[in-house]
Amino acid sequence: MNDTEYKRMYHRLYRLFRRVTPLKKDCGVLCSRACCQGDDRTGMLLFPHEETDLQVIEKNGLRYAVCQGVCRREDRPLSCRIFPFFPAVDENGRVYAVIDERGRFVCPLVRQCDHVKFRPAFLRRVKKAGSLLAKDQECLVFLRTISGEIAETSALADQLKN
Ligand code: SF4
Ligand code: SF4
């Protein structure tokens with residue numbers, strides 16, 4: 001894909017989450033918007049070739065957008081739009097919307113995910129986003145890498161629970 005095609009793809013992905021959020025109500029009231037309380041050293045993971053007007057930092061070969069806890073809603077990176085879910089890809093290329101266990105310490109929805117009624121439309125959109133991303137080889141590799149990280153974190157969390 002060239003730059004224009006990536007740009008078009010991210011616009012399409014952003015549109016999926018323009019109005020549809022994880023819950024029917026604003027989940028930010030549950031936690032005082034905990035996932036938006038980052039600083040200059042933490043940030044939201046950017047997907048391959050995703051552009052942003054926010055400050056970008058690099059850690060371990062990955063790019064992160066950092067903000068001061070406020071942004072224009074239409075400027076949110078994809079990670080902010082899909083949090084606390086991620087489009088995981090299995091070895092057969094199937095895409096699933098999985099809860100992002102890496103957000104356990106930030107997000108009450110992750111900690112209580114077994115008891116929360118997430119909007120099916122939101123979960124469908126996360127899956128759809130994954131299917132669109134997976135068409136691009138670089139994004140597919142990225143989805144697989146992050147899926148692996150989430151699976152490892154979930155396994156660790158399960159061990160700690162037992
Ligand atoms: S931390 Fe979780 S519950 Fe709080 S605003 Fe972010 S996604 Fe919603
Ligand atoms: S970019 Fe916006 S939505 Fe994302 S963490 Fe920052 S303030 Fe929150």
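The structure presented is a predicted model; accordingly, all values stated were derived computationally and were not measured.

Conventions we followed
- Residues numbered from 1 in each chain as written.
- Chains lettered and ligands numbered in written order.
- Predicted model: local features only at pLDDT ≥ 70, side-chain atom pairs only at ≥ 80, totals over all residues.
- Helix = DSSP H or I, 4+ residues; strand = E, 2+ residues; numbered from the N terminus.
- Rg over C-alpha atoms; globule rule 2.2 N^0.38 Å.
- Contact = placed C-beta atoms within 7 Å.
- Buried ≥ 20, exposed ≤ 12 C-beta atoms within 10 Å, placed from the backbone.
- Pairing = 2+ DSSP bridges.
- Near = placed C-beta within 6 Å.
- Nonpolar A, V, L, I, M, F, W, Y, C, P; charged D, E, K, R; others polar.
- Core = buried A, V, L, I, M, F, W, Y, C linked by C-beta atoms within 7 Å.
- Expected span 1.5 Å × (residues − 1).
- Axes fitted to C-alpha atoms, helices over the stretch in contact; angles between N-to-C directions.
- Parallel < 35°, antiparallel > 145°, perpendicular 65-115°, else oblique.

Novice: Got a minute to help me understand the overall build of the chain in this structure?
Specialist: Tallying secondary structure elements over the chain gives six helices and five strands in all. In sequence order, the secondary structure elements of the chain are arranged as α-α-β-β-β-α-β-β-α-α-α. Here the C-alpha atoms of the chain give a radius of gyration of 15 Å, agreeing with the 15 Å that 2.2 N^0.38 yields for 162 residues. In terms of principal-axis extent, the alpha carbons of the chain reach across some 45 × 40 × 35 Å. Sequence-distant contacts in the chain: of pairs separated by 6 or more residues, those separated by 24 or more amount to 65%.

Novice: What's the story with the pairing of strand S5 (residues 95–99) in this structure? I'm lost.
Specialist: Residues in a regular strand project their side chains so that they alternate between the two faces of the sheet. Counting buried residues in S5 gives four out of five residues, a clear majority hidden from the surface. Pairing geometry for strand S4 (residues 85–89) and S5, over five bridges, is antiparallel. Along S5, the bridge assignment pairs proline 87 with alanine 97. Hairpin connection, S4 to S5: the antiparallel pair is bridged by five residues, and glycine 93 has positive phi, about 85°.

Novice: Any chance you could explain the site of ligand 1 here in plain terms?
Specialist: The full set close to ligand 1 counts 13 residues, and Cys27, Gly28, Cys31, Cys35 and Cys107 are the nearest of them. Going through the elements one at a time, helix H2 (28–31) and helix H4 (108–111) are the ones with two or more residues in the shell around ligand 1. If one sorts the elements of the shell around ligand 1 by residue count, H2 sits on top with three residues. Of the residues in the shell around ligand 1, the class split is 11 nonpolar, one polar and one charged.

Novice: Where do I start with the site of ligand 2 in this structure?
Specialist: Surveying the vicinity of ligand 2 reveals the residues Cys35, Cys36, Gly38, Met44, Cys67, Gly69, Val70, Cys71, Arg76 and Cys80. Partitioning the shell around ligand 2 into residue classes produces seven nonpolar, two polar and one charged.

Novice: Help me understand the nonpolar core, please; the structure alone is not making it clear to me.
Specialist: In summary, soluble globular proteins display a tendency toward joint burial of nonpolar side chains. Core analysis: the biggest nonpolar cluster contains 33 residues, and Phe47, Ile82, Phe85, Phe86, Val98, Val126 and Leu143 have the highest contact counts within it. Among residues more than four places away in sequence, those in contact with valine 126 are Ile82, Phe85, Pro87 and Ala97.

Novice: I keep staring at helix H6 (residues 137–161) and nothing clicks. Help me out?
Specialist: A turn of α-helix holds 3.6 residues, and therefore any two residues three or four places apart point the same way. Taking 1.5 Å per residue as the helical rise, H6 with its 25 residues ought to reach 36 Å, and the 36 Å between its terminal C-alpha atoms agrees with that figure. Along H6, the positions that sit buried rather than exposed are Cys139, Phe142, Leu143, Ile146 and Ser147. Buried residues along H6 sit in contact with S4 and helix H5 (120–133).

Novice: Where do I start with the packing of helix H1 (residues 3–16) against H5 in this structure?
Specialist: Helix-helix packing is characterised by the crossing angle of the two axes and by the distance between the axes. Contact geometry of H1 with H5 gives a least axis separation of 10 Å together with a crossing angle of 170°. Put simply, H1 runs roughly antiparallel to H5. When H1 is examined against H5, the residues Met9, Arg12, Leu13 and Leu16 are found in contact with a partner set consisting of Arg125, Lys128, Ala129 and Leu132. Partitioned by chemical class, the residues of the contact of H1 with H5 number five nonpolar, no polar and three charged.

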